[in-house]
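Read off the chains here:
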Amino acid sequence: MFLSMNWISDYVDLSGLDRLKLISQFSLSTAEVENEIFFKGSNISGIVVAEIMSVENHPKSEKLHLLKVDAGDGKLTDVVCGAPNVRVGMKTAFAKVGAKIGEITIAPRPLAGFDSFGMCCSEKEIGISDDNSGIMDLPTDIANGTDIKDVYEIDDIVFEVDNKSLTNRPDLWGHYGIAREFAALAGRPLKPLETVDLSAYNNLPKVDMKIEDANCQRYSCLQFENISKSVSPMNMRIRLFYCGMRGINLLTDLTNYLMLEMGQPMHAFDSRKVEKIRIKRFAEPMTFTTLDGVDRKIDENTLMICNDNTPVAIAGIMGGLDSEIVEDTTTLTLESATFDAVSIRKSSVRLAHRTDASMRYEKCLDPEMTVTAIARFVKLLKDIDGGVTVVSSLTDEQAFKYDTININFDKSFVDRYTGIDISSDTIEKTLNSLGFGVKRDNDSFDVVVPSWRATKDVTIKADIIEEITRIYGYDNFDIHTTKAPLYPVRDAVEKSVEDRVKDILVKRFSLHELHSYIWNYYDEFKALGIESEDNVKILNASNPNIETIRKTIIPTQLCQIKTNTGYGADFGIFEVGRVVEGLDENGMCDEHKKLAVTLYSKTLSPEKLYFKLVNMLSSLADDINHEALSFKAKEATHSFQHPVNLNAIYCGGEEIGEIGMIHPVIAKNIDKKSNIVYAEIDIIKFSQIANAGISYEAPSRFPEMEIDLTFVCDTFAPIKAAIDAQNCALIKKVTVTDTYADENGKSITVRILFSHPERTLTGEEVKTQTDAVIETLKKQNISLKG
Amino acid sequence: MNDKIASLKSQFEEQLANVLETAQLEEIRVAYLGKKGSITDLLKGMKDLSNEEKKTFGQHVNMFKAEATEKIGAKMKELKELQIKKEIESMPVFDVSMPADTARGSYHPITLVQRECERIFKSMGFHVEDYSEIVTDYECFESLNIPKHHPARDMQDTYYLDNGQLLKTQTSAAQNAIYKKYKDDLINKNIPIKAVFPGRCFRNEATDACHENTFFQMEGVMVGKDINISNLIFFMKTMLSEVFQRDIKVRLRPGFFPFVEPGFELDINCLICGGEGCSSCKHSGWLELCPCGMIHPEVLKAGGIDPEEYTGFAFGLGLTRLAMMKYGIKDLRDLNSGNLKAMDQFTDDM
């Protein structure tokens, strides 16, 4: 929203004050001001009122005229002018030689064979409207030579406030509310709005008007006749233009002017079209043509202004084409109303039509403003067009009234909330300047919130704090640290485990951490042949490609592998991210935090790569929980899984995830010449596994004994089980030193390390142990080799 | 007999002179000094001699033996030195100008920025909390004083799920749970609630270089007796000075967020121009950085905390924005691109 300092200055005397400083104070205390400040009129100078004394047609051009003008300097000046509206006796804006318009300095110059000593200007050329149809046609009673800036309010400082910073301030959607803020900041009084006393018309008949829907909070209207003027005064049009609107005709301009001044949207109807004003909704949908000529679909939730049963306007949004003021309109009905903010906002969203009016209504306008706005409108209209007659009494129905809000507090509350000492006098003065009713008993306050702040903005004590502190100025705060007791803060185990997992994967195993999105990448999955599994869906996804929430991170990681196949011969990626495994018994998303790791290799065999990952995960478990991992084959449940070598991962007896290879179809779609393995672990489960801890054992001073045994056996598991079953304290370590496969099958050599802390081992006790292991395995048809 | 010694001696001298390897020398040692060595043999041939002769001869043999032992020792030392010398000389000179193999992993830049912030907050006694990404309407809006139909719900274009939940639009969605988690300590032991909660947030918007539907924030709250605006400003200034590792100027402007009152937009002096005005700060000298404010009484109430008794402040930091600022990332989409050429550049830099 653009704001004019001239307009603001109508209501607060800012003379002698640095206006730019005030604007930046406003930005820090009230609402954000955009950086660019517009110094209107600063780029023109030397433009004066001049009278056209003679007009001759140019001998060779149909468009050009040769003028002699009197610019008040006691001589006639030759000007070549292309404007169509030149005539003898006309007074216009004239840029003399030496005048400046933007970057241009007017100089004598030849134009189509004649010398021209200046330029007659249109409103657009001066920058006060976008009208470039002809040169300005000024009132004839202004003396020639008068600087145009002395005639009209061309010099102004205009600034823009970010509308978003006004969402909670319905009172700031017009200059008067803004002026109130400037008054408070400058410590100067706010002048009252000049209005007429509407009670003078109380004897006139009422307008037939009735609110029939609770979404209309208040409806006020008044009828006029005998409007003779159609063009609004130049200064009014300049203000409208500077604030981003255009002058159209007197009545439209006046309603716009009132909206920009008070924030109250108004609408003028042709009274013939609104003989019985009813505000209501229609049960049946319909099409309605708004005054911009667009057919709009109206549904049963949209509040309408009607002439009995004929809609004439969409309440709070836009008037209808049929009830617009036309040539032969004689009587006007002026509407000034407030509507339920949510209803207007929703209608405006449904219609996809946001207007200056709806934008204001959706902020919860003050219903107390409707009548004042009419009184102000009549005052302005009568000042412009003295012949206007009011032909109805003020007709006003209020269906909804906000409660008066009283807030009680004392200075100690302000002290506690602010942490600084703001005096009771300052509190009182600030609140008064913002229009709050203040009753004060020493340091106790009883405050009445003014109606324009009471619609939703200021309701509680904390809101009062904001009023006091923002005017006080946050830059003026003495800042200090808190006074609070000291207690230790422990990291949540889940958090520290996640950090350590990332460190180990990055620093020890050189993996790369990537992020992906939380949904299935439908198109990319399809290209790789990965099924986009059904799951919880986003209702309002802009794009079906991101509609379904992922159940596992692996498919998105496979897409990332595909992206990076040119990155290197061997690399690994990981992510700690969320997945949803359907809904739980309460219908809530079963969300899990997972660690997903995928390794890619052009150089390692599938088995080598697989064990590289097994080793990484085992390292994590050993480092973080001092636990070993175990694996158990599981069935494939996802399309990307290779059915062979798919294993559930166990840690501390708890299933924490899975490790596997990629289904060959998908693997080939990613890269024919490489191998890919993956693992996905529930990192929360993993982090909650009790840490087995470190139990220190002093190294034995006595010799250790190593026994190597080679078994003909396909897997290590039974050997391990047999050794573990001995539960022998002397066995310190079991390692596999060799595996070998020949025509007789696979053989595995294990090395068992024996040690006793206090004495030398006897050959016999070691043999008892190894014999027992051999015996156990023999029963399972596993024999010693050779 | 002495001739025997002399000839053996000269034979020994000759052999010793020709020795090149320690193994050879060892052979010589065994050949002369071993149990069956030549010198030992000499003694065996003594039985035919007279006692006098035995004595003299024995002395000579022993002298020879001692001499041979010493010479072999000296030779051994010499050979070993020679060997080491050879070993040293044979060591090739490495080409240290070859490029080093610096294969290493990488962190996501968000992880790095998040850790840095967490470290700062932990140093000031804050808990670091984690929270789910899928939340309820109550968590994301209702408990934060954003009732149905509130324009704030329009402001944030939310991804709603078909089970009625939603993808959290703001880390504030964790506030209610955090108040409930720590309120007993606050009420019973007067331990202030101090927590930060980083998290991934989602907004339903079209993506481009400056907009992402998925991004990271970190929110923080402090609630206790007498926590006030002055504390908030002090804290934000201190915290941001730590984050940017220089003295930061802050300014507060009123900002409207339903879950705080008063609410602020916090600006810091532009890091590029230092406040002079440049293109980064649109010539204002200030950068809008984080929303903050005093926690709205209704929000405290929803968390089971009496707003008459306790006050608190809350603030939000855009981790994604911080990462972009810190590393000069121009296109927001790089962060979720999964492109290793972009993402492998981030290493632990704390």
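Cut-off values and rules
- Every chain is numbered independently, its residues counted from 1 as its sequence is written.
- Here chains are named by letter from A upward and ligands by number from 1 upward, in the order in which they appear as written.
- Reporting of local features is limited, given that this is a predicted model, to residues whose pLDDT is at least 70; pairs of side-chain atoms are given and counted only at 80 or more, and all residues count toward the totals for whole chains, interfaces and linings.
- A run of H or I in DSSP becomes a helix once it reaches four residues, and a run of E becomes a strand once it reaches two; helices and strands are each numbered from the N terminus.
- With C-beta atoms placed from the backbone, a residue is buried if 20 or more other C-beta atoms are within 10 Å of its own, exposed if 12 or fewer are, and partly exposed between those counts.
- Two residues qualify as a contact pair if the distance between their C-beta atoms, derived from the backbone, is within 7 Å.
- Ten residue types, Ala, Val, Leu, Ile, Met, Phe, Trp, Tyr, Cys and Pro, are classed as nonpolar, four, Asp, Glu, Lys and Arg, as charged, and the remainder, Gly among them, as polar.
- A helix is expected to span 1.5 Å multiplied by its residue count minus one.
- A set of buried Ala, Val, Leu, Ile, Met, Phe, Trp, Tyr and Cys residues, joined to one another through C-beta atoms within 7 Å, is what we call a nonpolar core.
- Helix axes are fitted only over the stretch in contact, all axes being lines through C-alpha atoms; the angle between N-to-C directions runs from 0 to 180 degrees.
- Oblique is the label for any angle not covered by the other classes, which are roughly parallel (under 35 degrees), roughly antiparallel (over 145) and roughly perpendicular (65 to 115).
- The rule for pairing is simple: two strands pair if DSSP sees at least two bridges between them.
- Domain extents, as shown, originate in an automatic or database domain assignment.

Of regular secondary structure, chain B possesses 12 helices and 9 strands. Here the C-alpha coordinates of chain B stretch approximately 130 × 50 × 45 Å along the principal axes. Here chain B holds 350 residues, and the buried ones make up 42% of them. Long-range contacts, defined here as pairs at least 24 residues apart, represent 66% of the contacts in chain B between residues at least 6 apart.

Quick look at the interface of chain A and chain B now. Counting from both sides, the interface comprises 72 residues of chain A and, opposite them, 63 residues of chain B. Here the residues of the side of chain A that touches chain B sort into 31 nonpolar, 22 polar and 19 charged.

Turning our attention to helix α5 (residues 109-123) of chain B. Residues and elements named next belong to chain B. Taking 1.5 Å per residue, 15 residues should reach 21 Å; α5 reaches 21 Å between its end C-alpha atoms and fits that length. Buried within α5 we find P109, I110, T111, L112, V113, Q114, C117 and F121. Looking one or two places after α5, you find G125, whose phi comes out positive at around 85 degrees.

Here we come to the nonpolar core. Core analysis: the largest hydrophobic core is formed by 269 residues, its most contacted members being I47, A315, F377 and L613 of chain A together with V223, M236 and I295 of chain B. By size, the runner-up hydrophobic cluster in this structure holds 11 residues, among which are I723, V750, V773 and L777 of chain A.

A few words now on the packing of helix α12 (residues 424-433) of chain A against helix α13 (residues 461-472) of chain A. All names here are of chain A. For the pair α12 and α13, the least separation of the axes is 9 Å and the interaxial angle reads 100 degrees. Compared by their axis directions, α12 and α13 come out roughly perpendicular. On α13, the residues touching T426, I427, T430 and L431 of α12 are E467, I468, I471 and Y472. Residue classes in the contact of α12 with α13 are distributed as 5 nonpolar, 2 polar and 1 charged.

All names here are of chain A. In this structure, strand β12 (residues 209-211) lies alongside strand β15 (residues 277-280), joined through 3 bridges in parallel fashion. Directly across from I211, in β15, lies its bridge partner I279. One ladder, built from 4 bridges, connects β15 with strand β18 (residues 304-307); its direction is antiparallel. Residue pairing for β18: I277 is matched across the bridge by N307.

On to the sheet that holds strand β26 (residues 444-448) of chain A. All names here are of chain A. In space, the 3 strands of this open sheet follow the order β24-β26-β25, with antiparallel pairing throughout. Pairing within the sheet leaves two strands with one partner each, and these edge strands are β24 (406-410) and β25 (437-441). When strand polarity is set aside, the average angle formed by the axes of neighbouring strands in this sheet is 15 degrees.

Attention shifts here to the sheet that holds strand β32 (residues 654-661) of chain A. All names here are of chain A. Taking strand neighbours across the sheet as the criterion, the 7 strands line up as β27-β28-β29-β33-β32-β31-β30 in an open arrangement whose pairing is mixed. Among the strands making up the open sheet, the edge pair consists of β27 (512-513) and β30 (629-633). Here β32 pairs with strand β33 (residues 675-682) via 5 bridges, running antiparallel. Opposite G660, over in β33, you have Y678 as the bridge partner. Across the sheet, helix α16 (residues 554-563) is in contact with β28 (570-583), β29 (589-601) and β33; its angle to β29 comes to roughly 30 degrees. Contacts from helix α17 (residues 606-625) reach β29, β30, β31 (647-651), β32 and β33, with the element oriented near 25 degrees to β33.

Next up on the list: the pairing of β32 of chain A. Residues and elements named next belong to chain A. Of all 8 residues that make up β32, 6 are buried, and the element is covered over most of its length. Here β31 runs beside β32; their pairing, made up of 5 bridges, is antiparallel. Looking at the pairing, A648 lines up with E658 of β32. Counting the residues between successive antiparallel strands, the hairpin from β31 to β32 contains 2 residues, one of them, G652, with a positive phi of roughly 55 degrees.

Another aspect to go through is helix α21 (residues 763-779) of chain A. Under the 1.5 Å per step criterion, the end-to-end length of α21 of chain A is 24 Å for 17 residues, consistent within 8% with the ideal 24 Å. Positioned one or two residues after α21 of chain A, N781 of chain A has a phi angle of 60 degrees, which is positive.

Residues and elements named next belong to chain A. Splitting chain A by domain gives domain 1 (2-39 + 158-165 + 172-186), domain 2 (44-154), domain 3 (198-398), domain 4 (406-473), domain 5 (493-688) and domain 6 (705-779). Computed over C-alpha atoms only, the centres of domain 1 and domain 3 are separated by 27 Å. The interface is formed by 9 residues belonging to domain 1 together with 11 residues belonging to domain 3. Broken down by secondary-structure element, the contributors of at least two residues to the side of domain 1 that touches domain 3 are β1 (2-4) and α5 (175-186). Top contributing element to the side of domain 1 that touches domain 3 by residue count: α5, with 3 residues.

Let's shift gears to the domain arrangement of chain B. Segmenting chain B into domains produces domain 1 (2-90) and domain 2 (109-343). The distance between the C-alpha centroids of domain 1 of chain B and domain 2 of chain B comes to 89 Å.

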